[in-house]
Amino acid sequence: MSDTLLEINNLKTSFRIKDDYYAAVDDVSLKVNKNEVLAIVGESGCGKSALAFSLMGLHSRAKIEGDISYKGQSIANVSPSKLNKLRGNDMAMIFQDPLTALNPLMNIGDQIGEALLLHDKKLSKNARKKKVIELLNKVGIPRAEHTFHQFPHELSGGMRQRVVIAMAISNDPEILIADEPTTALDATIQAQVLDLLNELKEDMKAGIILITHDLGVVAEMADRVAVMYAGQIVEIADVHTLFASPKHPYTRSLLNSVPNSTKSKAKLHVIEGIVPSLQKLPRKGCRFSARVPWIDESVHEENPQLHEISPGHFVRCTCYEHFYFPDESKEDQRHVVS
């Protein structure tokens with residue numbers, strides 16, 4: 001029996017701007033397996049959240065093309081009623097900002113209880129309350145019985161994030177999508193939330209899609225990593241391979257821009273330019289080429305494809321074979337390419 005829970009094939013999500021559609025997610029193909037954390041990493045504006053919302057069917061006016069399969073069944077174009085049964089039950093999402101994800105007019109117990117009731121109409125009020133308190137305890141909220149009656153504004157950011165996680169796991173989903181789950185939290189609470197997600201993965205044997213721009217979180221949590229730039233996946237590898245032997249210029253630039261204890265006196269790399277807007281995004285050639293102007297245009301593919309350079313390690317465009325940082329020595333350049 002296959003361990004693949006979710007399979008994405010040639011997914012394209014386009015948004016209308018004036019009279020034209022522009023793809024924010026462009027020809028993305030990925031697999032998510034049981035008991036695995038797949039991290040999707042990239043700068044703000046690269047399409048990570050647009051991808052997550054596409055998987056959950058939460059875009060109201062986007063044009064979705066390609067296929068999304070859950071356990072071998074296509075869910076890309078299912079009816080709203082079937083999608084509602086799937087969401088929260090088989091697939092769930094932890095949103096980036098817990099304060100906006102929660103209803104300020106409902107207490108915590110009612111909000112989590114509503115998620116349970118939507119997928120089990122026969123659950124009694126007492127059974128529902130018992131289950132909610134169990135969930136609050138499971139995500140590490142102290143005094144769960146008291147928190148049950150509190151409102152979102154009465155909780156700290158870390159506690160609200162735990163409530164959102166409790167809602168997401170209330171029906172034991174097999175796919176959990178965490179969209180920047182630690183962005184607004186301080187370092188201590190962030191570590192606690194990451195530990196909680198790790199425990200849930202082991203406990204539920206779920207597949208987790210972790211969307212983040214924090215490479216430290218990726219190193220700690222991920223089994224595999226997909227690096228996203230300008231709507232495309234530019235590199236996929238297991239986490240150890242990606243950090244030990246990154247290949248794509250964008251991946252290497254990201255890793256080189258992070259402070260490193262072994263290079264405490266070295267100058268951090270600054271990636272030139274910004275992610276282009278949807279309307280100005282180049283649709284032909286290597287989308288990262290403008291941000292590495294010292295690399296000759298001739299080394300980029302006209303229509304960059306993902307190449308499997310070693311088992312499970314894919315890189316888009318052959319430009320990685322010729323990439324170097326301007327301040328690298330010739331010996332450093334040869335070492336990375338080999």
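That block above? That's the structure.
Residues numbered from 1 in each chain as written. Predicted model: local features only at pLDDT ≥ 70, side-chain atom pairs only at ≥ 80, totals over all residues. Heavy atoms only, no water.

Draft legend 1. Structural view of unusual backbone geometry. The phi dihedral of Asp172 falls on the positive side, at around 50°, and the residue is not glycine. As for its placement among the helices and strands, Asp172 is situated in the loop between helix H7 (157–169) and strand E7 (175–179). Although it is not a glycine, Cys317 adopts a positive phi angle of roughly 75°. Turning to its location among the elements, Cys317 is positioned in the loop between strand E12 (313–316) and helix H12 (330–337). Judged by its relative accessible area of 0%, Cys317 falls in the buried class. (Helix = DSSP H or I, 4+ residues; strand = E, 2+ residues; numbered from the N terminus. Buried < 20%, exposed > 50% of the residue type's maximum accessible area, 1.4 Å probe, protein only.)

Draft legend 2. Here's a closer look at the sheet that holds strand E4 (residues 63–70). As summarised here, the arrangement of the four strands in space is E2-E1-E4-E5, forming an open sheet in which the pairing is antiparallel. The open sheet has two free edges, formed respectively by strand E2 (20–33) and strand E5 (73–74), since each of these has just one partner strand. The pairing of E4 with E5 spans two bridges and is antiparallel. By the bridge assignment, Ser69 is partnered in E5 with Ser74. Against the sheet, helix H1 (residues 48–56) touches strand E1 (4–17), E2 and E4, its axis set at about 115° to E1. (Pairing = 2+ DSSP bridges. Contact = heavy atoms within 4.5 Å. Axes fitted to C-alpha atoms, helices over the stretch in contact; angles between N-to-C directions.)

Draft legend 3. Structural detail: the pattern of salt bridges. On inspection of all chains with the given rule, the structure shows eight salt bridges. Among the ionic pairs, Lys71 bridges to Glu174, the shortest N-O distance being 2.3 Å. Here Lys71 is found in the loop between E4 and E5, whereas its partner Glu174 is found in the loop between H7 and E7, with 103 residues between them in sequence. Residue class for Lys71 comes out partly exposed when judged on its relative accessible area of 44%. Take Glu174: its relative accessible area is 23%, and that puts it in the partly exposed class. A single salt-bridge network, built from bridges that share partners, covers Asp26, Arg283 and Arg287. (Salt bridge = Lys/Arg side-chain N within 4 Å of Asp/Glu carboxyl O.)

Draft legend 4. Focus on the sheet that holds strand E9 (residues 224–229). Strand order in this open sheet of eight strands is E6-E7-E8-E3-E9-E10-E12-E11, and the pairing throughout is mixed. What marks the edges here is a single partner per strand, and that holds for strand E6 (91–94) and strand E11 (306–310). When strand polarity is set aside, the average angle formed by the axes of neighbouring strands in this sheet is 20°. Strand direction decides the pairing type here: E9 and strand E10 (residues 232–238), joined by six bridges, are antiparallel. Bridging across to E10, Val225 finds its partner in Ala237. On the sheet, H7 packs against E6 and E7 and is oriented at approximately 175° with respect to E6.

Draft legend 5. Examining the pairing of E9 more closely. E9 sits mainly inside the fold: six of its six residues count as buried. Here E9 shows no split at all, with Arg224, Ala226 and Met228 on one side and Val225, Val227 and Tyr229 on the other all buried. What sits between the antiparallel neighbours E9 and E10 is a turn of two residues, in which Ala230 has the positive phi angle 50°.

Draft legend 6. Layout of the packing of helix H4 (residues 108–119) against helix H5 (residues 125–138). Viewed as axis vectors pointing N to C, H4 and H5 meet at an angle of 110°, and their least axial separation amounts to 9 Å. With respect to H5, the axis of H4 lies roughly perpendicular. Here H4 contributes Ile108, Gly109, Ile112, Gly113, Leu116 and Leu117 to the contact with H5, which in turn contributes Arg128, Lys131, Val132, Leu135 and Leu136. (Parallel < 35°, antiparallel > 145°, perpendicular 65-115°, else oblique.)

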